[in-house]
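Results of the structural survey
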Amino acid sequence: MGDIEIKRVTLDDIDDLQKISRQTFFETFSPWNSMENMKKYLEEGFSTEKLSDELGNKDSEFYFALMDNSIIGYLKLNSGQAQTELRDDTSLEIERIYVLKEFHGKKVGQVLYDKALGIAGEKNVDYIWLGVWEKNLRALSFYRKNGFIEFDKHLFVLGHDSQTDLMMKLELKTR
């Protein structure tokens, strides 16, 4: 296996971002959701307009994980008002870490997570937080292994289905 490179995503990369976003989301969640709900979410959640807005937001950052110049995963971080829930200036949200299924278990997610930790350090935040679907046992295990603890729940709507996400956080500083 080659080295994993991390590259900041720009508006010029929107087609690649849309492709990896849709593919990894589908691979991760299609076994548990109807095709109708998946199709609706993939079209709306990863539309060119929505991704363009997210890429244009100064408080959101996207990064690709690349191997041999091929995109194998990506990371989305939010700070300040771009955060989906807490909007705490002392925190950083990991909104997405997704890796192509064929690269699961090959440390790609850990490399993306380490990038998030580095950015959290640069931004000097007190904690990192995220939401994980309660049935995504692989992701829950990953975040628990990295020291995250559950602190709340919220609803995530996929198509016409309301699902429960566990909100987790990792304290980086104690006040």
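First things first, this report covers the structure right here in the doc. (Residues numbered from 1 in each chain as written. Predicted model: local features only at pLDDT ≥ 70, side-chain atom pairs only at ≥ 80, totals over all residues. Heavy atoms only, no water.)

What follows deals with the environment of Lys39. Structurally, Lys39 is set in helix α2 (residues 35-45). The class of Lys39 is exposed, set by a relative accessible area of 52%. Between the C-alpha atoms of Lys39 and Val157, which are 118 residues apart in sequence, the distance is 13 Å. (Helix = DSSP H or I, 4+ residues; strand = E, 2+ residues; numbered from the N terminus. Buried < 20%, exposed > 50% of the residue type's maximum accessible area, 1.4 Å probe, protein only.)

With respect to topology, 7 strands assemble into an open sheet ordered β1-β2-β3-β4-β5-β7-β6, the strand pairing being mixed. Strands with a single pairing partner mark the edges of an open sheet, and in this sheet they are β1 (4-8) and β6 (149-158). Across the sheet, the axes of successive neighbouring strands diverge by a mean angle of 30°, strand direction being ignored. Bridging between strand β5 (residues 127-133) and strand β7 (residues 161-171) involves 7 bridges; their strand directions are antiparallel. Pairing of Trp129 across the sheet is with Lys169, part of β7. Along the sheet face, helix α1 (residues 14-29) touches β2 (60-67), β3 (70-79), β4 (91-99), β5 and β6 and points at about 90° away from the line of β3. Where α2 meets the sheet, its contacts fall on β6 and β7, and the angle it forms with β6 comes to roughly 95°. (Pairing = 2+ DSSP bridges. Axes fitted to C-alpha atoms, helices over the stretch in contact; angles between N-to-C directions. Contact = heavy atoms within 4.5 Å.)

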